Amino acid sequence: IDNLLYSYKLREATFLILLNKCDIPLKPGVHELERELLQKFQTRDLNVLYCSATQNDGLAEALTWLTSRFQAKTPPGPLYEIYSAVHTWFRRLGPR
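Here is what the cut-offs are and how they apply
Residues numbered from 1 in each chain as written. Predicted model: local features only at pLDDT ≥ 70, side-chain atom pairs only at ≥ 80, totals over all residues. Heavy atoms only, no water. Phe/Tyr/Trp six-rings, centres within 6.5 Å; stacked < 30°, edge-to-face > 60°. Helix = DSSP H or I, 4+ residues; strand = E, 2+ residues; numbered from the N terminus. Buried < 20%, exposed > 50% of the residue type's maximum accessible area, 1.4 Å probe, protein only. Lys NZ or Arg CZ within 6 Å of the ring centre and 35° of its normal. Lys, Arg positive; Asp, Glu negative; His and termini not counted. Salt bridge = Lys/Arg side-chain N within 4 Å of Asp/Glu carboxyl O. Polar contact = N/O pair within 3.5 Å; in protein donor to acceptor, adjacent residues only side chain to side chain. Contact = heavy atoms within 4.5 Å.

Engineer: Would you mind showing me how to read the packing of aromatic side chains here?
Structural biologist: We describe a pair of aromatic rings using the distance from one ring centre to the other and the angle between the two ring planes. This structure, assessed with the given rule, holds 1 aromatic pair. Between the aromatic rings of Y6 and F41, the centroid separation amounts to 5.0 Å while the plane-to-plane angle is 65°, which identifies the pairing as edge-to-face. Placement of the pair is Y6 in helix α1 (residues 2-6) and F41 in the loop between α2 (30-40) and β2 (45-50), with a sequence separation of 35 residues. Owing to a relative accessible area of 3%, F41 belongs among the buried residues under this scheme. The lysine or arginine in question, R11, covers the ring of Y8, its NZ or CZ lying 3.9 Å from the ring centre.

Right under this line is the structure:
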């Protein structure tokens, strides 16, 4: 992760780090990892979110965050429309 976040070529990129498996007890150090990433790369467009792919938990929030960043950086067009459709689909799906 450090190599990507330190990359000069990706200096304007948006990063979303998903910490999966939030439906099981978290291992020690996960919260420290989150805090360290957010502190270390506070000048980057970065967010760390917890999710559970099997429970569809946190995925809509992740896409909402990405959509807000995407809307700010991308003019409307075909790629934006596809992204918006995927986001809408996840919101309708909701938690299991």
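From this point on, the discussion continues.
Engineer: It is not clear to me how the side chain of R44 should be interpreted in this structure. Could you clarify?
Structural biologist: Looking at the element boundaries, R44 is found in the loop between α2 and β2. No salt bridge is formed by the buried R44; its nearest oppositely charged neighbour, E12, is found at 7.7 Å. At a separation of 2.3 Å, a polar atom in the side chain of R44 contacts the main-chain carbonyl oxygen of L10. Beyond its immediate stretch of four places on either side in the chain, R44 contacts L4, L5, Y6, S7, L10, R11, E12, A13 and F15.

Engineer: Please clarify how unusual backbone geometry should be interpreted in this entry.
Structural biologist: Keep in mind that most residues, glycine aside, have a negative phi and that most peptide bonds are trans. Unusually for a residue other than glycine, N56 sits at a positive phi of about 55°. Counting through the fold element by element, N56 comes out in the loop between β2 and α3 (59-73).

Interpretation in functional terms is not warranted from these geometric data alone.
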